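What the coordinates show
Now for the letters of each chain:
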Amino acid sequence: MSISMLGICLPTFVLGPIFALVFGLVLKLAPVSGWYGLNYVPLHPAVMPAVTLGLFYAAYIARLTRGGMLDILNQDFIRTARAKGVPEHEIVLRHALRGGLLPVVAFLGPCFADLISGSFVVEKVFNVPGLGQEFIKSVFNRDYPLILGTVVFFGALIVIFNLVSDVVQLLLDPRSRN
């Protein structure tokens, strides 16, 4: 949990240059900048930006999953299942995981929308062409149709991902259907 706390506390604009320095310049495992070109390194050029962008969310999901599972594993129905002699792996996978993942599912909707719309820092650090950089360029160039289209696209993604998250949460939790 201390590693996940470190992942939550380090922002992407700090973590990106650290990854570029360590894995790109010192260990020469991944390209430091750019998306295209000769692939002379063992890692794909998308690995470092993906890890940089996803580390915060993975750490937060790990903490949410742990908290949800600890809460569910202390419930009465889990004690009853243990008293009946149900194997521990079946208790965790069948009974506890469904309820323990409810906070994670509620977080995933805004998480996916934030991953897509908030990636412009990582795009800038690793010099990756993406929608975030195009949005920033359109603001500086005062390209109003592109600004409007990008904002509408990001807004639609946020609404869609939140809707999918709510539907999955309804499927997992029978108490919320009423």
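Coordinates for the structure precede this section.
Before going into details, it helps to say that this report is about the structure given with it. (Residues numbered from 1 in each chain as written. Predicted model: local features only at pLDDT ≥ 70, side-chain atom pairs only at ≥ 80, totals over all residues. Heavy atoms only, no water.)

1. Thoughts on the overall build of the chain
- Looking only at helices and strands, the chain has nine helices and zero strands in total.
- Ordered by position in the sequence, the α and β elements of the chain form the string α-α-α-α-α-α-α-α-α.
- For a compact globule of 178 residues, the expected C-alpha radius of gyration is about 16 Å, and the chain comes in at 21 Å, more than 25% above that figure.
- Viewed in the frame of its principal axes, the chain has a C-alpha envelope of about 65 × 45 × 25 Å.
- In the chain, which comprises 178 residues, the share counted as buried stands at 28%.
- At a minimum sequence separation of 6, the contacts of the chain that also span at least 24 residues come to 63%.
- When the accessible surface of the chain is split by element, carbon and sulfur atoms take 69% of a total near 11300 Å².
- Charged side chains of the chain number 13 positive and 10 negative; the gap between the two group centres comes to 5 Å. (Helix = DSSP H or I, 4+ residues; strand = E, 2+ residues; numbered from the N terminus. Rg over C-alpha atoms; globule rule 2.2 N^0.38 Å. Buried < 20%, exposed > 50% of the residue type's maximum accessible area, 1.4 Å probe, protein only. Contact = heavy atoms within 4.5 Å. Areas by Shrake-Rupley, 256 points an atom, 1.4 Å probe, with all protein chains shown as cover. Lys, Arg positive; Asp, Glu negative; His and termini not counted. Charge placed at Lys NZ, Arg CZ, Asp CG, Glu CD.)

2. Section: helix H2 (residues 12–26)
- For H2, spanning 15 residues, the distance from its first C-alpha to its last is 20 Å, which sits close to the expected 21 Å at 1.5 Å a residue.
- Looking only at H2, the buried set comprises Leu 15, Gly 16, Phe 19, Ala 20 and Gly 24.
- Those residues of H2 hidden inside the fold are in contact with helix H3 (47–73) and helix H7 (120–126).
- Remark: Lys 28 follows H2 within two positions and exhibits a positive phi of approximately 55°. (Expected span 1.5 Å × (residues − 1).)

3. Focus: the packing of aromatic side chains
- Tallying each qualifying case throughout the model produces seven aromatic pairs.
- Aromatic pair Phe 56 and Tyr 60: ring centres 6.1 Å apart, planes at 25°, arrangement stacked. Linking Phe 56 with Tyr 60, this pair stays in helix H3, spanning four residues, or about one helical turn.
- On the basis of relative accessibility, which here comes to 28%, the residue Phe 56 falls in the partly exposed class.
- Through pairs of rings, three or more aromatic residues link up here, namely Phe 56, Tyr 57, Tyr 60 and Phe 107. (Phe/Tyr/Trp six-rings, centres within 6.5 Å; stacked < 30°, edge-to-face > 60°.)

4. Focus on the environment of Ser 176
- Topologically, Ser 176 is positioned in the segment after helix H9 (144–172).
- Residues in contact with Ser 176, not counting those within four places in the same chain, are Gln 169 and Leu 170.

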